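# Structural overview
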Protein chains: 2
Amino acid sequence: MKNYQNDFTPDWQQTQPDEESFRSIFKWGAKDTFKNPSQGFLNVIKQALGLSNTDFQMPINLGNKWVENSQETTINSEDISKFETIVGQENIFFDTYSRLKYSTGKSMEDILKLRQEKIKDIPDVILHPRSREDIKKIVRLCDEKRIPLHVYGGGSSVTLGLDCPKGGITLVMSTHMNKMIAFNETNQTITVEAGMMGPAYENLLNQAPEKLHAAGRYTGGHFPQSFEFSSVGGWIVTLGSGQASSYYGDAYDLVISQEYITPAGSFKTHDFPATATGPKVNDIMKGSEGCFGVLISVTMKIFPYHPETSKAFTFMFPGFEAAINAAQQISQAGFGMPSILRLSDPEETDIAMKMYGLEGGGLDKLMRFKNLNPGSRCLLMGQTDGEKSFSKNVFKQIKKVGKSNQGLYLTGYPMKKWRKGRFSDPYMRDALNDFGVLIDTLEASVTWDHLKDLYHGVRGYIKKHPHTICMTHASHFYAQGTNLYFIFIIKMEDIDEFRAFQRGIIQKIEENHGSLSHHHGVGRMMTPWMEKHLGKNQMDTLRAIKKHFDPNNIMNPGGLGL
Amino acid sequence: MKNYQNDFTPDWQQTQPDEESFRSIFKWGAKDTFKNPSQGFLNVIKQALGLSNTDFQMPINLGNKWVENSQETTINSEDISKFETIVGQENIFFDTYSRLKYSTGKSMEDILKLRQEKIKDIPDVILHPRSREDIKKIVRLCDEKRIPLHVYGGGSSVTLGLDCPKGGITLVMSTHMNKMIAFNETNQTITVEAGMMGPAYENLLNQAPEKLHAAGRYTGGHFPQSFEFSSVGGWIVTLGSGQASSYYGDAYDLVISQEYITPAGSFKTHDFPATATGPKVNDIMKGSEGCFGVLISVTMKIFPYHPETSKAFTFMFPGFEAAINAAQQISQAGFGMPSILRLSDPEETDIAMKMYGLEGGGLDKLMRFKNLNPGSRCLLMGQTDGEKSFSKNVFKQIKKVGKSNQGLYLTGYPMKKWRKGRFSDPYMRDALNDFGVLIDTLEASVTWDHLKDLYHGVRGYIKKHPHTICMTHASHFYAQGTNLYFIFIIKMEDIDEFRAFQRGIIQKIEENHGSLSHHHGVGRMMTPWMEKHLGKNQMDTLRAIKKHFDPNNIMNPGGLGL
């Protein structure tokens, strides 16, 4: 029997990657922050993947090599000098490192590519525009010269949304286009440039009295796992959702108005809370992934900030069915939604019990005594938020629903454990990748009546591959359905093999009534399915809109499958 | 001094209009239902408009004349026979009465036109399609022959949305295309054909256990004043809002998916509760007012029906400012929204006090004692709904907010009075119109920071006209703003004079940061302002989408100003 239940600790890589290395590009998050799998989690992986300590002896494909200046820029020098005139010499870059960096996202495929030192689909030039005027000139010049133009926000795309297969320009928005434009406490809105990053945005709102002379504190209510490394504009053009979306809404819902620069012209939509003057151009632009124009600024809804009213809860249910019933009842009752709700399937639950150090403890014993057994039991956890009486009442009602569906209330403790790792867990991926253990996630929204089809269809496919972990949870809840999140862990090295396996999951999602994407956008990963998924007539409509805004097809050409 | 404070009762017209008369077309609502202004309301009008009993002696322009068959159909007989083949002989009409009926809405201008027996902008042929196949063939034939095609839902447009200045065909959806297609209790959705009328829709949901073998009762949550005479499809393509929209959402929010037949092809969007596969074609279609294609069916969100949890409330505030503050705090606090919230300005409040028979009574005396005086005091009333604990808590929090803003709580009584008239008040318009007293309404959404500009800008313009009542209320509330509803009552006969006055209000709305429309759509009334309001680039975008769906410009040509 393989030796996996022990205290062997792999030689986790915890040195800051070299500035110019491949690793410095693909490493998640802050350069100096690391998170290694707990011994419990590592043992789970070793057991499930059939790995022994030997497999964790020698790290591979660390990407420590420097990115050499190997790639020629194909844009001619006359045009280059025009771009340089627009943004200034200090804001234009041609080096391969910069070009690779700003065309790399955070999908497993992006990472594998860089670990194997492959340089592909990068732009010719990186520009850091300073103002809308810069961007206006750049869009005009690109349109005139038929140079592809891409936009980089925070770089957290997990759907290959930053690839530049036709080269061209990539605009980096976060460098200069990151300022607040207006704060309107009366209307509960804030207007910011699209390149403002999550933490800057949220801190500004939390600290509104000190920083903005506001009467109250606010929150943006948008906390994707990539929160620290994603931009406000990116949230909108990729239709992101935060972990608290069930209460605050998806990025789509948070937008009041937007300002765009497109090859066909510039516009800013109105700030009305609602309006009935025909189809809403404001909404058409959301999710456009840089294919219609450049999002310059956005006016967002903000919410009173009440961290003191947050109430965490956790339940254990005897099975998936009971847990789904509870989550569905919570979502459909109409007493208001919790901000966070997260339902783990048996496999994820068992792993979570280990990760949170609950397995084998007193709580575990109580559960087993109550017939809540590994292999079938399911965690449902979450958090209520908002105004005090609202949060309190939602919490109270959720407890009722949980209990009436055979749920054992486990206090807020496991939820609080989860909350601690909500932004740091992705750091573990690099640690595991260093030993060839790949982790990737796919997600798909689904109506309640197709939830089980989708779950079994996708999980069945993943589990057919021997030695694979498949943790599934539902998060982001609506009265009409939810979003299933599939996390798989697998030992694999070959990109093509990985790619084929992963694309097979997308295929299964499409076949089993899932949306191609609930909040990860389309990128270049979903494009092969778009026509089938939306149908020719809907795709033709998107193509017509694209053609209007971008007649010369310079804006993220090929994006969205258009 | 004129004699207005007396018990003179005009000879209100209470006979059912003749079947083929102009009156039978413009009369509001059910043929055999009438509602006359109360003596109190009539006295208010006489006083404000400087009218005496003499002005109510002789009814004018009753429109009792029959509509003669005076209008030639310009479509050639070969095409006519093709249409006849498609829908069957019993579903095609050429008579002037039918053509006038199905191109008349309920704006004051529509009514004046018919009272003066003017026949203008009518279609050539009326078709009552029986199925999506019929409609597919009609759209194809119209496209091939370049025949304008319009869609009639319930006929309650107040923005001239049914005019057919280029003639052509009008499809009447409510005759046959009014059936339920699917009821999905698991997903809390219902799918219906676009021509289903409000009461049929709501009754089906309320009676779901009996009629649909459902486990629970549901509501659609959409109750515009025109509820009884508007169709589900109409709500969506004109972006309507119900009186309970602050809790349930506007029509825009209620739509899960739609099926359209357009000259460029047919499609049905997905039922996902949310999705991130690029710009949402489902949303682009909302508000398209028949300019892109024909809405065939729609899947809508439904809600658990809890009539027993409704809680009515009313407050009186010393002034407009305090009432606005309270409404704004309710909308921004985050404890959940009441379904109905309605804030009346001093003029509307004073009239309401008379209409509800409160003036001079014990409650009035208490108010005056508490310095809540006519001319400045303001009513804020509403209703909470939804799940029991939610409704109860929202009610409780609203009472707190009301009191902390100097509001005197008046129990739910006035609100209940208002609720009784919520669908029947429009009947009064005909009674007053019979004596040349015109009533019309315009509405505009606005952000909180521009509410007072809009209020004073529009009200100032209306009140400049001597002897005019202008009642204003805010209804439909959002954290970012609200909707102002201007109701004016004026003595006028000439259509052009009325039209000029009324268009002046729209101009003032546009100038004072109001949206052209919050929930009445664009029709043909707002089109002159659309380009300025949205800007050329947004209008060009809508034109491009129009061009895609309808390259030969047959779908409601000229609609939306495209």
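These figures come from a predicted structure and were not determined experimentally.

Here is what the cut-offs are and how they apply
- Residues numbered from 1 in each chain as written.
- Chains lettered and ligands numbered in written order.
- Predicted model: local features only at pLDDT ≥ 70, side-chain atom pairs only at ≥ 80, totals over all residues.
- Helix = DSSP H or I, 4+ residues; strand = E, 2+ residues; numbered from the N terminus.
- Rg over C-alpha atoms; globule rule 2.2 N^0.38 Å.
- Buried ≥ 20, exposed ≤ 12 C-beta atoms within 10 Å, placed from the backbone.
- Contact = placed C-beta atoms within 7 Å.
- Pairing = 2+ DSSP bridges.
- Axes fitted to C-alpha atoms, helices over the stretch in contact; angles between N-to-C directions.
- Left-handed = near helix turned anticlockwise from the far one by under 90°.
- Nonpolar A, V, L, I, M, F, W, Y, C, P; charged D, E, K, R; others polar.
- Domains from an automatic or database assignment.
- Core = buried A, V, L, I, M, F, W, Y, C linked by C-beta atoms within 7 Å.
- Least-squares fit on C-alpha atoms with pLDDT ≥ 70 in both.
- Arc of directions from axis to C-beta.
- Parallel < 35°, antiparallel > 145°, perpendicular 65-115°, else oblique.

### With respect to the overall build of chain A
Scanning chain A from terminus to terminus reveals 22 helices and 18 strands. In terms of C-alpha radius of gyration, chain A reaches 24 Å, essentially the compact-globule figure of 24 Å for 562 residues. With the C-alpha coordinates aligned to their principal axes, the bounding extent of chain A is approximately 75 × 55 × 50 Å. Within the span of chain A, comprising 562 residues, buried residues form 58% of the whole. Of all intrachain contacts in chain A linking residues separated by at least 6 positions in sequence, the fraction that spans at least 24 positions is 77%.

### Quick word on the pairing of strand β9 (residues 265–268) of chain A
Residue and element names in this part refer to chain A. As judged from the 4 bridges shared by strand β8 (residues 255–262) and β9, these two strands associate in the antiparallel manner. Counterpart to I261 in the pairing with β9 is S266. If you look at the hairpin formed by β8 and β9, you'll find 2 residues sitting between the two strands.

### Considering the interface of chain A and chain B
The interface is formed by 78 residues belonging to chain A together with 78 residues belonging to chain B. Ranked by residue count, the leading element in the side of chain A that touches chain B is helix α22 (residues 536–549) of chain A, at 8 residues.

### Side note on the packing of helix α13 (residues 320–333) of chain B against helix α16 (residues 388–404) of chain B
Residue and element names in this part refer to chain B. Their axes nearest at 9 Å, the elements α13 and α16 cross at an angle of 145°. α13 and α16 meet at a crossing whose hand is right-handed. Facing α13, whose interface residues are A326, Q329, I330 and A333, α16 presents Q397, I398, V401 and G402. Within the contact of α13 with α16, the residues separate by chemical class into 5 nonpolar, 3 polar and no charged.

### Description of the sheet that holds strand β8 (residues 255–262) of chain B
Residue and element names in this part refer to chain B. Taken in spatial order, the 5 strands make up an open sheet running β5-β6-β10-β8-β9, and their pairing is antiparallel. On the outer flanks of this sheet lie β5 (180–184) and β9 (265–268), each paired with one strand and no other. Strand-to-strand, the axes of this sheet are offset by a mean angle of 10°, without reference to chain direction. As paired strands, β5 and strand β6 (residues 189–193) are joined by 4 bridges and run antiparallel to one another. By the bridge assignment for β6, A182 is matched with T191.

### Considerations on the domain arrangement of chain A
One frequently used descriptor of interface size is the decrease in accessible area upon assembly of the parts. All names here are of chain A. Taken as a whole, chain A is organised into domain 1 (77–175), domain 2 (180–304) and domain 3 (307–421). Taking the mean C-alpha position of each, domain 1 and domain 2 sit 23 Å from one another. The interface of domain 1 with domain 2 comprises 15 residues on the first partner and 17 residues on the second. Secondary structure elements with two or more residues in the side of domain 1 that touches domain 2: α6 (132–145) and β3 (149–152). The dominant element in the side of domain 1 that touches domain 2, judged by the number of residues it contributes, is α6, at 5 residues. Looking at the side of domain 1 that touches domain 2 residue by residue, the classes come out as 5 nonpolar, 7 polar and 3 charged.

### A short note on the nonpolar core
L171 of chain A together with L171 of chain B are the most contacted members of the largest nonpolar core, which has 334 residues in total. Setting aside residues up to four positions removed in sequence, L171 of chain A forms contacts with L127, P129, I135, I138, L149, H150, V151, Y152 and V294 of chain A.

### Comments concerning the relation of the copies chain A and chain B
Least-squares fitting of chain A to chain B yields an RMSD of 0.0 Å, with the superposition described by an axial translation of 0.0 Å and a rotation of 180°. Such a combination of rotation and displacement between the chain copies is what one expects of a two-fold axis. A shared interface surface links the copies, since 100% of the contact residues of chain A are contact residues in chain B too.

### Notes on helix α21 (residues 527–534) of chain B
All names here are of chain B. Listing the buried residues of α21 in full gives M530, H533 and L534. Viewed end-on, α21 has its buried residues packed into an arc of 85°, placing them on one side of the element. Close packing links the buried residues of α21 with α20 (495–511) and α22 (536–549). Looking at the residues trailing α21, positive phi occurs at G535, about 90°.

### Some points on helix α7 (residues 198–206) of chain A
All names here are of chain A. Considered for burial, the residues of α7 that qualify are G198, Y201, E202, L204 and L205. All buried residues of α7 fall inside an arc of 160° around its axis, so they share one side. Packing partners of the buried residues in α7 comprise β5 (180–184), β6 (189–193), α8 (208–212), β7 (218–219) and α9 (232–237).

### A look at the sheet that holds strand β2 (residues 125–127) of chain B
Residue and element names in this part refer to chain B. Strand order across the open sheet formed by 4 strands is β1-β2-β4-β3, with mixed pairing between neighbours. The open sheet is flanked by β1 (92–93) and β3 (149–152), the only strands paired with a single partner. Packing against the sheet, helix α3 (residues 77–87) makes contact with β1 and β2, and its axis sits at approximately 15° to β2. The strands that helix α6 (residues 132–145) touches are β2, β3 and β4 (169–172); relative to β4, the one it contacts most, it runs at about 170°.

### Considering the packing of helix α21 (residues 527–534) of chain A against α22 of chain A
Residues and elements named next belong to chain A. At a minimum axis separation of 6 Å, α21 and α22 run at an interaxial angle of 120°. Overall, the two elements α21 and α22 adopt an arrangement that is oblique. Residues M530, E531 and L534 of α21 lie in contact with α22, whose contacting residues are K536, Q538 and M539. Considering only residue class, the contact of α21 with α22 consists of 3 nonpolar, 1 polar and 2 charged.

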